[in-house]
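For reference, the chains in residue letters:
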Amino acid sequence: MQRQNIASGTKWEPVVGYSRAVKVGSYVHVSGTTATGTDGKIVGLGDVYAQTVQTLKNIESALQKAGASLKDVVRTRTYVVNIAEWEKVGRAHGEVFRDIRPATSMVQVSALIQPEILVEIEADAVIG
């Protein structure tokens, strides 16, 4: 099977050695994604709902570059720094995936890569 690495252009991808997404056959795996805007700054500072919305937009963009869409997502993994705000994160996730209903998990972590980042999401898709 042919492998396609999808980059988003962030400065960290070549430094750390990762791709925003990797497509192999009909499978697309999207790396942990944050609310980074096109200018490299975090969208929705202090607002976990706004960050989740932007994060899901970034995931959608990566999927589209791989020839997939949100409807192809079969699993998401959500990492939050404050599980008490799970409903805000869940609301944003539900607005996107209400009818798609991928398998999912949400866990609290002690920190993410930058202190202003409140949520990070991974996604796996199968193009069908």
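Model, not experiment: these values are computed from the prediction.

Student: Can you help me understand the environment of Ser-26 in this one?
Tutor: Structurally, Ser-26 is set in the loop between strand S2 (21-24) and strand S3 (27-33). For Ser-26, a relative accessible area of 29% puts it in the partly exposed group. Sequence spacing of Ser-26 and Ala-125 is 99 residues, and the spatial spacing of their C-alpha atoms is 8.1 Å.

Student: Please explain the packing of helix H2 (residues 48-65) against helix H3 (residues 86-97) as it appears in this structure.
Tutor: Any two packed helices are characterised by the angle at which their axes cross and by the distance between the axes. Relative to each other, H2 and H3 sit at 30°, their axes nearing to 8 Å. Viewed along their axes, H2 and H3 adopt a mutual orientation that is roughly parallel. As H2 runs across H3, the sense of the crossing is right-handed. Together, Val-48, Tyr-49, Thr-52, Val-53 and Leu-56 of H2 and Lys-88, Val-89, Arg-91, Ala-92, His-93, Glu-95, Val-96 and Phe-97 of H3 make up the contact between the two elements. A class-by-class count of the residues in the contact of H2 with H3 yields eight nonpolar, two polar and three charged.

Student: I keep staring at unusual backbone geometry and nothing clicks. Help me out?
Tutor: Glycine aside, a negative phi is what most residues show, and trans is what most peptide bonds show. A positive phi angle, close to 55°, is found at Arg-101, a residue other than glycine. Within the secondary structure, Arg-101 sits in the loop between H3 and strand S5 (103-108).

Student: How do you make sense of the nonpolar core when you look at a structure like this?
Tutor: Buried together is how nonpolar side chains tend to be arranged in soluble globular proteins. By size, the foremost hydrophobic cluster in this structure holds 21 residues, and its most contacted members are Ala-21, Val-28, Val-30, Ile-59, Leu-63, Val-73 and Val-119. At the level of elements, S3, H2, strand S4 (73-80), H3 and strand S6 (119-126) are the ones that each hand at least two residues to this core. In terms of residue count, H2 provides more of this core than any other element does, five residues in total. Residues within four places of Val-28 in sequence aside, it is in contact with Ala-21, Val-22, Lys-23, Leu-63, Ala-66, Ala-68, Ala-123, Asp-124, Ala-125 and Ile-127.

What counts and what doesn't
- Residues numbered from 1 in each chain as written.
- Predicted model: local features only at pLDDT ≥ 70, side-chain atom pairs only at ≥ 80, totals over all residues.
- Heavy atoms only, no water.
- Helix = DSSP H or I, 4+ residues; strand = E, 2+ residues; numbered from the N terminus.
- Buried < 20%, exposed > 50% of the residue type's maximum accessible area, 1.4 Å probe, protein only.
- Axes fitted to C-alpha atoms, helices over the stretch in contact; angles between N-to-C directions.
- Parallel < 35°, antiparallel > 145°, perpendicular 65-115°, else oblique.
- Left-handed = near helix turned anticlockwise from the far one by under 90°.
- Contact = heavy atoms within 4.5 Å.
- Nonpolar A, V, L, I, M, F, W, Y, C, P; charged D, E, K, R; others polar.
- Core = buried A, V, L, I, M, F, W, Y, C linked by side-chain atoms within 4.5 Å.

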